[in-house]
Amino acid sequence: MHRAHTAFSLALSPMAHKNFATWLLNSSSSQKLVKATAAAAVRTYNSAAAEPFANGSTATYVEEMYNSWLRDPSSVHTSWDAYFRSNTYVSPPNLAPVQANTMPLSAFNFGSAVGAAPDSKTIDDHLAVQAIIRSYQSRGHLASDLDPLGILTREKTVCKDGLARRANEDVLRQHSGFLFGEQDMERQFKLPSTTFIGGDEASLPLKEILNRLENVYCNKIGVEFMFINSLEQCNWIRKRFETPGVLSFTPEEKRLILARLTRATGFEAFLAKKYSSEKRFGLEGCEIMIPALKEIIDVSTELGVESVIMGMPHRGRLNTLANVCRKPLNQIFTQFAGLEAADDGSGDVKYHLGTYIERLNRVTNKNIRLAVVANPSHLEAVDPVVQGKTRAEQFYRGDQEGKKVMSILIHGDAAFCGQGVVYETMHLSDLPDYTTHGTIHVVANNQIGFTTDPRFSRSSPYCTDVARVVNAPIFHVNADDPEAVMHVCKVAAEWRATFHKDCVIDLVGYRRNGHNEIDEPMFTQPLMYQKIRKHKNCLDLYADKLIAEGTVTAEEVKSVAAKYENICEEAFALAKTETHVKYKDWLDSPWSGFFEGKDPLKVAPTGVKEETLIHIGNRFSSPPPNAAEFVIHKGLMRVLAARKAMVDDKMADWALGEAMAFGSLLKEGIHVRLSGQDVERGTFSHRHHVLHHQLVDKATYNSLQHMYPDQAPYSVSNSSLSEYAVLGFEHGYSMTNPNALVLWEAQFGDFSNTAQSIIDQFIASGQSKWVRQSGLVMLLPHGMEGMGPEHSSCRVERFLQMSSDDPDYFPPESDEFAIRQLHDINWIVANCTTPANYYHILRRQIAMPFRKPLILCTPKSLLRHPEAKSPFSEMSEGSEFLRIIPDRGPAGENPSSVKKVVFCTGRVYYDLTKTRADKQLEKDIAIVRVEQVSPFPFDLVKEQANLYKNAELVWTQEEHKNQGCWSYVQPRFLTALNHSRDVSQSDEQSTFSNTTTTTTTDNTNTNHESNVVDTDSESDSERKSKPWLSRMFASSSDKNDNDATATATANATAIGDFNAAKHFDLKNVRHDFNRPAGIAAAPGVRIAKTGRKISYVGRACSASTATGSKAQHIRELNALLNDAIST
C-alpha cells in the first residue's frame, strides 16, 4: 500500500513544487526520479490529465493494481509488474489520441543521454517557464499599455537579453526572481497545453516565448479571464489572443476602419462647429466607440443576430444615433433648433432620446433591427430596462438561446463601478427567467467621472471589476489603437455567440472636453488636460499609420472626410426648413398595428362567461391531473380544497379572483408574466401558483399553464432580491408587446422605494417624455396592520403626487368621462377592496385601447378576510370595474336620513363597517369606497354628494394625514363638490383629537348671489382664451378696472371669505385658496359664503409611516374609527 500511495503522490506533485527536482535528487531513493518521469509521461497521455484537477479515481486505481499484483503478479500489466518488483517503470500503452500542443516528456530531448533522467535545473527551468506563461495570462493586463495619454503607463523592465519588457513584479510575482542567463534565451522550452503562442510549434526559444507573451498580454490589449471557472472558456480566450497572426487585417478592413472612424470624428467636429455653445456630450477622445459598436453588430449579424437593443448614457448618444443606427441627420440637427413639437408630450433633451431603425447591414448584406432605448440622466438606470426589453423580444420570437436578439449596454467608467444597479443587473444575467443569453458591455472609459479622479471614485483597480462576479471576461483595450479595438470587438461578439454569456470591453480613452462642451476641465484636472491638448486624436494617429504603411494616401484620407462633411452640410440645410419637431420620430418601441382601427375611447368588456370562471376555478383548485405520484404538501391540499369549495359556491377570494383574471386573459391569447420576490407562493402565502413535489427536487406544477390547450403562456418568476433592476426589467418587458399583462409585485409595498428612479424617470413620465406607453402593473402590499414602519405603507402619496390630472379641473361630463380620464392621465392608482374589482382592473389593462401603468395597492389581511369575497356574478358578463362602490346597506337605501358620509379607500373600509355595525349606525352613516383614486372620479363623487344632500362629508384613511390619499383627494373633492356651485374655504380646524381638517363648500348656486360682486370687465371666454401666465399677472391698469378691483377688495374684506372662479375650472384662482380669511381677493373673482364641509378623519401628521408598537397602533386605529363612525 505504501508503494501505491507513493506512486499516486508522485503522479500529482511534480508540477506543484518549484524545487521538486532538487528534493528528488537529494532523496535517498534514486529510483524516485525515474518514477516521476514516468508518471509525467502517463499524465501527458492519460485522458484524466486533461481535467482541470486530479481525478479522485486515480488513487483507487493504483491501489487496486497493487493489491492485484500482491495476489497474482500475472494479473496486472507487465509494466506494473516490473514497477512493483524492481521500481523500474515502463508506461503502459494508451490508445487515447494525443491532445493538441502536447507531447510525452520522455520524447523530449533534454540534452542528456537517451533514457537518462533530466537534471534538476532542466526540470526547474521548465516549471519556471510554465509558471511565467501562467503569470502573463493571469496578470499581464496589469502591465499592458492601455492609457492613450501615457499617464498610467508603467515603465519597462530590462531583461538579461537586453530587451525592455513591461512585465514586472506585479505580473511575475515570485517568478520575477527566476533569472535566466543570456545564454538561456535561445534554449528551447516545451510549451504546455495551456498556451497557443507556439501555433503549430511544440517548443520555442525562451526569448521568443517572452516576446510573444509580451506582445499578447502587455501590449495594447489587457485580458482578464483566468478567474473564469471553465477550462474550456479559458482555452477559448487564450486561442483568440495567443495564436500568432490574429491581429492581422487586410487593406480593405483597414480602410473600412478608417472610414468609420472618419465619420465618427467628423460628426463631432461638425456639431462643435455649428453648435459650439450647445451641450451635446460628445465622444471626442473615445470616437473609436462608434466603429467598435459597428464591428460588434457586423460580427453578430453574420452569426445570426437579427435585432440589437442598446442602452447607453448621454455621452456619444447623438453620434451613435447618427453613425450606428443611421438616424437621419436632419432629424438630429432639428433637435438643436428649439422648435415646438407637432405632437403631445413634454419631450426630452436630445441626448436622452431613443430610436428604432430597420436597415440593411451593408457589410453582411443582412437586415438588422436596431433600437436605442431612451433614458434619463440617471446613469445606468436604463440597463435593466434594456435587458427586460431584450428578454421579451427573445420570448416573443421563440429565441430560447438568444441567437436572434441581443443587447449591448454602453457605460461610463465612473458609473459602471459606482452605480449599484449595474451589480443588480449583472446578477440577472444567468437567472433562467431573466437571462438575455449574453450581453456585451462596452465601457467608454474617459478615466474621469465628471470632475472626479478615478483614485477617489472607486476602490477597485479597474472600473470593470464588478463583471468578475459573474465570470464575464474583461477585455481592456487602448482606444487609440483601432485595430486592437476591432479585434477585441470581434472576439466579444464571438464569445457571446458561443457561450451566451456576458463580456466586457473596456475602451480606455480620454475626454477631450469637459463634462459637457461648455465646461472647463482645467479647473480640476490641469495636468491631464495639458496632455490632452497636445495629444493627436485617434483618427489622425491611425491615418498617419496607414499612410506610412502605404494602405491609403493622404488625399484619400482628406477625400473621405470632405465627403462626410458635405453629407452633414446637406442635412443641416434640410433641418433649417423644419418648423416643428416630432416626438414620434424618436420612439424606441413601436407597436406596429396596435392603435390602428381602434376606437381610442372604447373599452372592451371585462366580464366573462360564468362557465369560464368555473372552469378556471376548478383547474386552479385541482392537483396535477393523471399524476397520483405527485406529492403535495398537506397544507396546500387544504388550500386547494378550500378553493374548490369556493368555486362550488360561486365565490372568489383575492387569490381566486386574481387567478380568474390571469386565466381568462390566457384563454384570450394574452401572455401574462408575474415577477417579483416570492411571487410564486406570494409573500403572505396566499397565491401558490407553483406546487412543489415534496419528494422530488425541482418537480413542479403550475395549473395556470394548463388551463386550455391553445392558451397563451403564463410566466411566474421568483426574482432576485432586487427592486431597482427587476422593476426596470419588467418595465422594459412591458414595452415590447402591448398584448401582454406584465406585473411586478413588491414583497412589501414600501420596498418599491429602492426602485424610485425607475418609477419617477420611466414609469410615471415615460409617455410624456418619449411617447412610449406601458401597461405595467405594480402590485404593492399596503395596509396599517401593526407591522411597524417598514411593512405598512406603500407610500401611495408619492404615486398620487406624480399623477398628472389637474385638481382644479372637472372634465366635461359625458358617457366617455371615465375612459377620457384614463386616456389623458399618466398612470392609474387604485386601492381595491373586493376580489371582483381586482379582477376587473387587471382585465381592463388589456381591454383599454391604449396602455397605462397601473399602481395597485394590494391587501394583506384582506387576503383571508371572510368578508373580502366576491360572487361570480360580479365578474361575469355585464359586470365591470367600479371606480366608486356606493353604500349598499340601509344608508344607501334611504339617503335622506343619512347624517354622515364617510369616503375611504382600501382595507379600512372593513374596520369602518364593523365599527358602524357595533354602534348600530347603519342607517345614519354611509360608507363610500373610492376604488380608483387617480384619475379622480369627479363625476361619481359629485353624484354621491348630491345623493346625500343633508349629510356631513368626511374623508377617512388609516394613513397619517401627511401621507395616504388625503393631500391628493382634498382639492379634488373641493372641485367635485363645487362643479356647479360657488366655493369658499374656511380655516382648518381640528375636531377629532387634532386629526380632522375641514374644507367648506356652498350647497346651492343661488343662496348668496346678492353677496357676489363681479369685478371682471372681460367675459369668461375672453379671459380664458388668454395665456395662463397673462391671466395670472394681468394688472388692473391693463383692464381699466381699478374701481372694480377696489370694490371687490372692500367686499372681500368685509365678508371675510374666499373666492371662486365663474367657471368650474378653479386653477385660474387657485392661489387664493391659501389666502387667510379677511384678506382681499384677487380681481375678477366671485365671493361666496360656506354652506358645507368636507372633513378629514384619521391619524395626525407623522414623520414615520406607522408605529412600531402594536398597542399604540390599536389605540390609533380605535380613535380613528370612533371619530369616523360618530354622529
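Refer to the preceding data block for the structure.
Summarised in this report is the structure supplied together with it. (Residues numbered from 1 in each chain as written. Predicted model: local features only at pLDDT ≥ 70, side-chain atom pairs only at ≥ 80, totals over all residues. Heavy atoms only, no water.)

**Digging into the overall build of the protein chain**
Then, number 1: Of the regular secondary structure elements, the protein chain holds 38 helices and 31 strands.
Then, number 2: Here the protein chain, with 1127 residues, has 56% of them falling under the buried criterion.
Then, number 3: Taking the contacts inside the protein chain whose residues are at least 6 apart along the sequence as the reference set, 80% of them involve residues at least 24 apart. (Helix = DSSP H or I, 4+ residues; strand = E, 2+ residues; numbered from the N terminus. Buried < 20%, exposed > 50% of the residue type's maximum accessible area, 1.4 Å probe, protein only. Contact = heavy atoms within 4.5 Å.)

**As for the pairing of strand S6 (residues 307-311)**
Then, number 1: Most of S6 sits out of view: 5 of its 5 residues are buried.
Then, number 2: Bridging between S6 and strand S8 (residues 366-372) involves 4 bridges; their strand directions are parallel. Bridging across to S8, Ser307 finds its partner in Arg369.
Then, number 3: With 5 bridges joining them, S6 and strand S9 (residues 405-412) adopt parallel strand pairing. Across the sheet, the residue bridging to Gly311 is Leu409, located in S9. (Pairing = 2+ DSSP bridges.)

**Concerning the sheet that holds strand S5 (residues 221-224)**
Then, number 1: With respect to topology, 8 strands assemble into an open sheet ordered S5-S11-S12-S10-S9-S6-S8-S7, the strand pairing being mixed. The sheet terminates laterally at S5 and strand S7 (355-361), the two strands that pair on one side only. Neighbouring strand axes in the sheet, compared pairwise and without regard to direction, differ in orientation by 20° on average.
Then, number 2: Both strand S11 (residues 474-478) and strand S12 (residues 503-508) contribute to a ladder of 5 bridges, which runs parallel. (Axes fitted to C-alpha atoms, helices over the stretch in contact; angles between N-to-C directions.)

**Let's talk about the packing of aromatic side chains**
Then, number 1: Under the defined criterion, the tally for this structure stands at 32 aromatic pairs.
Then, number 2: Here the aromatic rings of Phe333 and Phe572 are separated by 6.3 Å at their centres, their planes lie at 65°, and the arrangement is edge-to-face. A residue pair is termed long-range when its members are at least 10 positions apart, and Phe333 in helix H13 (residues 329-334) and Phe572 in helix H20 (residues 554-576) qualify at 239 residues.
Then, number 3: On the accessibility criterion, Phe333 (1% relative accessible area) is buried.
Then, number 4: Here the aromatic rings of Tyr909 and Tyr910 are separated by 5.1 Å at their centres, their planes lie at 80°, and the arrangement is edge-to-face.
Then, number 5: Classification of Tyr909 as buried rests on a relative accessible area of 14%.
Then, number 6: Its relative accessible area of 6% is what places Tyr910 among the buried residues.
Then, number 7: By the ring-pair criterion, three or more aromatic residues cluster together here, those being Phe810, Phe817, Phe903, Phe936, Phe938, Trp955 and Phe973. (Phe/Tyr/Trp six-rings, centres within 6.5 Å; stacked < 30°, edge-to-face > 60°.)

**Side note on the pattern of salt bridges**
Then, number 1: The final tally for this structure, using the stated rule, is 41 salt bridges.
Then, number 2: Ionic pairing is found between Lys220 and Asp145, a salt bridge with its closest N-O pair at 2.8 Å. Pair noted here: Lys220 is in the loop between helix H8 (206-217) and S5 and Asp145 is in the loop between helix H6 (120-139) and strand S1 (157-158), with a separation of 75 residues, a long-range link.
Then, number 3: Note on Lys220: relative accessible area 25%, which makes it partly exposed.
Then, number 4: On the basis of relative accessible area, Asp145 is assigned to the buried category, the value being 9%.
Then, number 5: A salt bridge links Asp887 to Arg916; the shortest N-O distance between them is 2.7 Å. One end of the pair, Asp887, is in the loop between strand S23 (884-885) and helix H30 (890-893); the other, Arg916, is in helix H31 (residues 908-918), and 29 residues separate them in sequence. The two residues Asp887 and Arg916 agree in class, both being buried. (Salt bridge = Lys/Arg side-chain N within 4 Å of Asp/Glu carboxyl O.)

**Quick notes on unusual backbone geometry**
Then, number 1: Cis geometry is found at the peptide bond from Ser934 to Pro935, where omega equals 0°.
Then, number 2: In this fold, Pro935 is placed in the loop between strand S26 (932-934) and helix H32 (938-947).
Then, number 3: Despite not being glycine, Asn626 shows a phi value in the positive range, around 55°.
Then, number 4: Looking at where Asn626 falls in the secondary structure, it is placed in the loop between helix H21 (610-620) and helix H22 (634-648).
Then, number 5: By relative accessible area, which is 83% here, Asn626 ends up exposed.
Then, number 6: For Val771, which is not glycine, the phi torsion reads 55° and is therefore positive.

**Overview of the packing of H6 against H8**
Then, number 1: Relative to each other, H6 and H8 sit at 10°, their axes nearing to 10 Å. In this view, H6 runs roughly parallel relative to H8, as classed from their interaxial angle. Contact with H6, carried on its side by Val129, Ile132, Ile133, Tyr136 and Gln137, involves Leu206, Ile209, Leu210, Leu213, Glu214 and Tyr217 of H8 and no other residues of that element.
Then, number 2: Looking at the contact of H6 with H8 residue by residue, the classes come out as 9 nonpolar, 1 polar and 1 charged. (Parallel < 35°, antiparallel > 145°, perpendicular 65-115°, else oblique. Nonpolar A, V, L, I, M, F, W, Y, C, P; charged D, E, K, R; others polar.)

**Here we look at the environment of Glu424**
Then, number 1: With respect to the helices and strands, Glu424 occurs in helix H16 (residues 420-426).
Then, number 2: Once residues within four sequence positions are removed from consideration, Glu424 is found in contact with Ser722, Glu723, Tyr724 and Ala725.
Then, number 3: In this structure the side chain of Glu424 is engaged in a polar contact, spanning 2.3 Å, whose partner is the side chain of Ser722. (Polar contact = N/O pair within 3.5 Å; in protein donor to acceptor, adjacent residues only side chain to side chain.)

**A short note on the nonpolar core**
Then, number 1: The biggest cluster of nonpolar side chains holds 183 residues, and the ones touching the most others in it are Phe333 and Ile505.
Then, number 2: Looking at which element gives the most residues to this core, the answer is helix H17 (residues 482-499), with 10 residues.
Then, number 3: Leaving out residues up to four positions away in the same chain, Phe333 has contacts with Phe267, Phe270, Leu271, Tyr275, Cys568, Ala571, Phe572 and Ala575.
Then, number 4: Core analysis: the second largest hydrophobic core is formed by 52 residues, Ala652, Met660, Phe684 and Val777 among them. (Core = buried A, V, L, I, M, F, W, Y, C linked by side-chain atoms within 4.5 Å.)

**Regarding the environment of Arg888**
Then, number 1: Its place among the elements puts Arg888 in the loop between S23 and H30.
Then, number 2: When the C-alpha atoms of Arg888 and Val928 are compared, they prove to be 9.1 Å apart, with 40 residues separating the residues in sequence.
Then, number 3: Not counting chain neighbours up to four residues away, the residues in contact with Arg888 comprise Glu874, Leu882 and Glu893.

**Points about the environment of Ile547**
Then, number 1: Assignment of secondary structure puts Ile547 in helix H19 (residues 538-549).
Then, number 2: The spacing of Ile547 and Val557 is 10 residues in sequence and 8.8 Å in space, taken between C-alpha atoms.
Then, number 3: In this structure Ile547 touches Val552, Thr553, Ala554 and Val557, once residues within four positions along its chain are discounted.

**Digging into the sheet that holds S26**
Either a parallel or an antiparallel arrangement is found when strands of a sheet pair, and the pairing is made through backbone hydrogen bonds.
Then, number 1: The 7 strands are arranged S17-S14-S18-S19-S21-S20-S26 in an open sheet whose pairing can be described as mixed. The open sheet terminates on both sides in strands that have one partner only, identified here as strand S17 (714-718) and S26. Taken over all neighbouring pairs, the strand axes of this sheet differ in orientation by 20° on average, direction set aside.
Then, number 2: Taken together, the 3 bridges between strand S20 (residues 828-830) and strand S21 (residues 854-858) define a ladder with parallel strand orientation. When the sheet's bridge partners are listed, Val829 is paired in S21 with Ile855.

**Things to note about the packing of helix H10 (residues 251-274) against H20**
Then, number 1: In contact at an axis separation of 9 Å, H10 and H20 are set at 45° when each is read in the N-to-C sense. In terms of their interaxial angle, H10 and H20 are classed as oblique. The handedness of the crossing between H10 and H20 comes out as right-handed. Where H10 abuts H20, its residues Leu258, Ala259, Thr262, Arg263, Gly266, Phe267, Phe270, Lys273 and Lys274 lie against Val557, Val560, Ala561, Tyr564, Glu565, Ile567, Cys568, Glu569 and Phe572.
Then, number 2: Class assignment of the residues belonging to the contact of H10 with H20 gives a composition of 11 nonpolar, 2 polar and 5 charged. (Left-handed = near helix turned anticlockwise from the far one by under 90°.)

**Topic: helix H25 (residues 756-763)**
Then, number 1: Counting buried positions over the 8 residues of H25 gives 6, a clear majority of the element.
Then, number 2: Of the residues making up H25, those classed as buried are Ser757, Ile758, Ile759, Gln761, Phe762 and Ile763.

**Concerning the state of the cysteines**
Then, number 1: The final tally for this structure, using the stated rule, is 0 disulfides.
Then, number 2: Free cysteine: Cys417, not disulfide-bonded; nearest cysteine sulfur from Cys463 at 5.9 Å.
Then, number 3: Overall, the relative accessible area of 27% leaves Cys417 in the partly exposed class. (Disulfide = S-S within 2.5 Å.)

**Quick notes on the side chain of Ser307**
Then, number 1: Among the structural elements, Ser307 can be located in strand S6.
Then, number 2: For Ser307, a relative accessible area of 3% corresponds to the buried category.
Then, number 3: Leaving out residues up to four positions away in the same chain, Ser307 has contacts with Ile368, Arg369, Glu393, Arg397, Lys404, Val405 and Met406.

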